[in-house]
Protein chains: 2
Amino acid sequence: MEPDSKNTDLIRLFEPQSVAHVGASARPAAGRFNFTEYLVNMGFRGKIFPVNPKYKEVLELTCYPSLESVPGPVDVAILAVPAPRCVQVLREVPAGKIRFAVVHTSGFGEIDKGDLEAEMLQLGRAKGFRIVGPNCMGIYSQRGRIGFWQNQWEIVDTPGAVGFASQSGGHAVNTVMRGMDSGVHFNKAISLGNQLDVSINEIVEFMGNDEAIGVIGIYVEGIRDGRRFLEIAKQITPRKPIVVWKGGTTEEGKQAVLSHTGAMAGNERVFEAAMRQAGVLVVDNMHLMVRMLRLLQPPFFLPGGRLAIFSPGGGNTVNVSDLFSAVPNLSLPRLAPETMETLKGLLPEENVDIRNPIDPGATGFLVMDKLVRAVGREEGIDAILILLTADYLSNIKSEENRLLAVERISTGLSRLSREIGKPIYILMRQERQNHEDIDRYRRMIVTKFIEKDIPWVDGSFKDAAEVFGLLAEYAGYVARSKARTA
Amino acid sequence: MEPDSKNTDLIRLFEPQSVAHVGASARPAAGRFNFTEYLVNMGFRGKIFPVNPKYKEVLELTCYPSLESVPGPVDVAILAVPAPRCVQVLREVPAGKIRFAVVHTSGFGEIDKGDLEAEMLQLGRAKGFRIVGPNCMGIYSQRGRIGFWQNQWEIVDTPGAVGFASQSGGHAVNTVMRGMDSGVHFNKAISLGNQLDVSINEIVEFMGNDEAIGVIGIYVEGIRDGRRFLEIAKQITPRKPIVVWKGGTTEEGKQAVLSHTGAMAGNERVFEAAMRQAGVLVVDNMHLMVRMLRLLQPPFFLPGGRLAIFSPGGGNTVNVSDLFSAVPNLSLPRLAPETMETLKGLLPEENVDIRNPIDPGATGFLVMDKLVRAVGREEGIDAILILLTADYLSNIKSEENRLLAVERISTGLSRLSREIGKPIYILMRQERQNHEDIDRYRRMIVTKFIEKDIPWVDGSFKDAAEVFGLLAEYAGYVARSKARTA
């Protein structure tokens, strides 16, 4: 029996009117997932039904002995009880009572208990509910005010356009956490676990059609129907970027996948090549995923790979040259003779380099502004990157003046980028590590950049080069698809 | 004329009894190098002679109008005046007055003023002084209490065994700064600039023979005599690790090198292969350099590449498997059946993975201790890696208890490592970024690890895998050289 599309429209999963939490506890163990508390803290606007025969009340909410005793229909039932008990609950629930069972519990497919999974799926089909998981964290939805981790209330008032779907619960939690502090604004996130029923393909298709979502990030270990995934992706990527982080790309990784979500990972190289052809950006770690989501949330710049880079310090220009030119799709073009003349006129003769990367030495705001304008006029340059170290703020004496400097840099960059009509990215570095002041300066800069929508990239030069290589790859793909449809 | 070895023993460069600073200023511009101030702040024990005809006093020290008017001999004369003036100063200085000229000034070879460089070299040969630079920062020496950056007084009371030599001044400054906050204890560092006279080969040979130095890091853009470098390296690497970061490995990078230090970079692949054969570890960025120096300062562990990794979270085990098994020299061996039985007995059935990488779920100290002991007994495992996130401390309520937990983890790890007779490394991560509390927790953990000599690796899993790949490479090299000489 096919899922009833009316009863199972995924938007009701992300924006439920009622949520039951089977396995809620009035005395939850430390570190235990407490979905009821998350809902309360996030200001969930629908009905919350804790379910547990042991308690009368959980967090001042009436607690029900069973799912069927909950009054009225339940859009989402979160199941956080041992695996056999999950199945029992779903056996007992009347048909039509619930729309979605989000099965948090692990210990199904990943440790060879296929029988329980098969029965759950059968129950879902028979009673008309869909299953997310098992072995998953469930749903984050900014508009739905529902979440899967204790900190997510911090971002529930911040609208965003990022959609993220992850087979791994840990990666879902960590990607959202890592993203939320660095300006990735999530709209919806889902941890899918074993994909017994609701699959990555279904979610990607849904997010592709969801106008609230402008970029889709995916962590996946196994895709059941790769061909279908590619078909769906091809429909989306010309207008909306998709970033895929694929786990289980090596033999060792595949073994770990098998034991993690029970999925079978296939031939990686072939699939990865097919994904690239479908305009999907492929990454291999969470840091890169978060950087890409930040730079690809709308409205985003999509420059080609011809970069001009300002990196003070001769050693830096060498390192930047080496690392950026080693990445496909990127080049650091020679500047035109007249641009070089302009730069020469703006800089002292010694200890600077007016080639690309450009070492401007220790330069003030006003000169930097002129340098960037001069380079911005070059037709052969798609984007300008400027190295900024948090350590730089230690040259400024008071906290007030540091804040002013950061404000001035941000405002200046916004205006400059608008006026030259090209994106300006900050390569954000922190030379001194584990240093209280410099940590604080970094947070000060990042906070302001997020507030002012200044695009920035953290990590090493190598990390940054990867980011710009992917942006250029996607720019090329989008240009080719436009040319085809024109 | 060959340099007079008696007059120019390099130890006098690193432990001078008198330093003159030509170009000292009583009113230094912000951001300008202030070598006199550095010497004062570092508690330099010899004589400090500021030289500048414009001032009578600099920082309450008598300021001299010229180098020749300084009383007595000068071990190190730092020259920070424009290039033509540098040559003039060296023309005027009497033979035998100075042992070393550290020429900070840039604008010599790197912008085609070969005449000035040639004359300086000639003057040095004729008058019996050696030249460091030009276009360099000079010397850091912990025992000599001399430095090249405003912050280096912070570490001058901390003995160390790390030697670092860099052609780039910026990389010298940043590597020392980055290192000093993360437990790299420097003994001597030198920025060599254009290597007009004192060369990287000479410094490496010196550091190779220097018993105070246990590991040598090098940033180099061009080696004049590569064959000689390899000969020297081969003498050192069987007993002391050398880590080389080579700039100018791409065509673009070579162009940048030419304009940075005027050096000619050669055929990289050939040279890199030769370096590896000579037991030299090759890195391509500063972060990796700092990680290697931290882990290779004596006394250090040198495990082979057969690793057991504890990484809570199924997604992490997949990612760790993928990234570590992609690195040459590394493997994550299957554990023996009896070890797996032991692990099974210690862990709950669900949501854990007892293969390698091992996902222990949320585990307390006592269970972790037992798990590590069980794995430590495996003969086929060279080292144990444990993932620890700074975020973990947010589960602990008071700052006092957090400190206690960190203390307990550190003490526990030390004892455990000693008892199982194998190194235990912490893979240090921070999931929430730009978060004041978690930044503080990270500093708290890192500070304790440095104090207790717990080996730790920061960065992504990919970064960590690179580190362990290099350690295993060097372990193999050392084992082979021992076998040859046995």
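Note on numbering: residues in each chain are counted from 1, in written sequence order. Each chain takes a letter, starting from A, and each ligand takes a number, starting from 1, following the order in which they are written. Confidence filtering applies because this is a predicted model: local features only for residues at pLDDT of at least 70, side-chain atom pairs given and counted only at 80 or more, and all residues used for totals across whole chains, interfaces and linings.

> Help me understand the domain arrangement of chain A, please; the structure alone is not making it clear to me.
A common measure of how large an interface is: the accessible area buried when the components associate. An automatic or database domain assignment supplies the start and end points of every domain. In terms of domains, chain A is made up of domain 1 (1-135), domain 2 (158-300) and domain 3 (307-485). Averaged C-alpha coordinates put domain 1 of chain A and domain 2 of chain A at centres separated by 25 Å.

> What should I look at first to understand helix α11 (residues 314-325) of chain A in this one?
Spacing of three or four residues puts side chains on the same side of an α-helix, whose turn is 3.6 residues. Residue and element names in this part refer to chain A. Here a strand is any run of E in DSSP of at least two residues, a helix any run of H or I of at least four, and the numbering for each starts at the N terminus. Under the convention used throughout, the expected extent of a helix is 1.5 Å for every residue step, that is, one less than its residue count. With 12 residues, α11 extends 17 Å between its outermost C-alpha atoms, agreeing within 8% with the 16 Å of an ideal straight helix rising 1.5 Å per residue. Buried residues dominate α11, accounting for 11 of its 12 residues. Here the C-beta atoms are placed from the backbone, and a residue counts as buried if at least 20 other C-beta atoms lie within 10 Å of its own, exposed if 12 or fewer do, and partly exposed otherwise. Among all positions of α11, only G314, G315, N316, T317, V318, N319, V320, S321, D322, L323 and F324 are buried.

> I'm lost on the sheet that holds strand β8 (residues 138-141) of chain A in this one. Help?
As a general point, the strands of a sheet are linked pairwise by backbone hydrogen bonds and lie either parallel or antiparallel. Residues and elements named next belong to chain A. Pairing within the open sheet is mixed, and its six strands lie in the order β8-β10-β9-β11-β12-β13. The open sheet has two free edges, formed respectively by β8 and β13 (281-283), since each of these has just one partner strand. The average angle at which neighbouring strand axes cross in this sheet is 15 degrees, direction not considered. Note: strand β12 (residues 242-246) against β13, three bridges, orientation parallel. The residue of β13 that forms the bridge with W245 is V283. Paired strands, as defined in this entry, are two strands with at least two bridges between them according to DSSP. To obtain each axis, a line is fitted to C-alpha atoms, and for helices this fit is confined to the stretch in contact; angles are then taken between N-to-C directions over 0 to 180 degrees.

> What should I look at first to understand the sheet that holds strand β6 (residues 98-103) of chain A in this one?
All names here are of chain A. The strand order across the open sheet built from five strands is β2-β1-β5-β6-β7, with neighbouring strands paired in parallel fashion. Of all the strands in the sheet, the pair left with one neighbour each is β2 (47-51) and β7 (130-132). Averaged over all neighbouring strand pairs, the angle between strand axes comes to 20 degrees, with direction disregarded. The pairing of β6 with β7 spans three bridges and is classified as parallel. For F100, the partnering residue across the bridge sits in β7 and is R130.

> Before we go on, may I ask you to explain the interface of chain A and chain B in this structure?
Contacts between the two partners involve 62 residues from chain A, matched on the other side by 62 residues from chain B. Among the secondary structure elements, those contributing two or more residues to the side of chain A that touches chain B are α5 (169-180), α8 (251-260), α11, α15 (436-451) and α16 (461-485) of chain A. Here the side of chain A that touches chain B gets nine residues from one element, more than from any other, and that element is α11 of chain A. Residues are defined as contacting one another if the C-beta atoms placed from their backbone atoms lie within 7 Å.

> It is not clear to me how the relation of the copies chain A and chain B should be interpreted in this structure. Could you clarify?
A rotation about an axis combined with a shift along that same axis relates the two copies of the chain. Least squares is used to superpose the copies, and the fit set is the C-alpha atoms of residues whose pLDDT is at least 70 in both copies. Take chain A, turn it by 180 degrees, move it 0.0 Å along the axis, and it overlays chain B with an RMSD of 0.0 Å. Given the turn and translation reported, the copies of this chain are related as if by a two-fold rotation axis. Within chain A, D439 of chain A has its C-alpha nearest the rotation axis, a separation of 3.6 Å. Comparing interface residues between copies, 100% of those in chain A also lie at the interface in chain B; the contact surface is shared.

> Help me out: how do you make sense of the confidence of the model for chain A in this one?
Regions with low pLDDT should not have their predicted coordinates read in detail. Residues and elements named next belong to chain A. A score between 0 and 100, pLDDT records how confident the predictor is in each residue. Per-residue pLDDT for chain A averages 92, and the proportion of residues at 70 or more is 95%. Here residues 1-7 is modelled with pLDDT under 50, and outside its nearest four sequence neighbours on either side it reaches six contacts, counting other chains as well. Scored by ipTM, the complex comes to 0.90, with pTM at 0.92.

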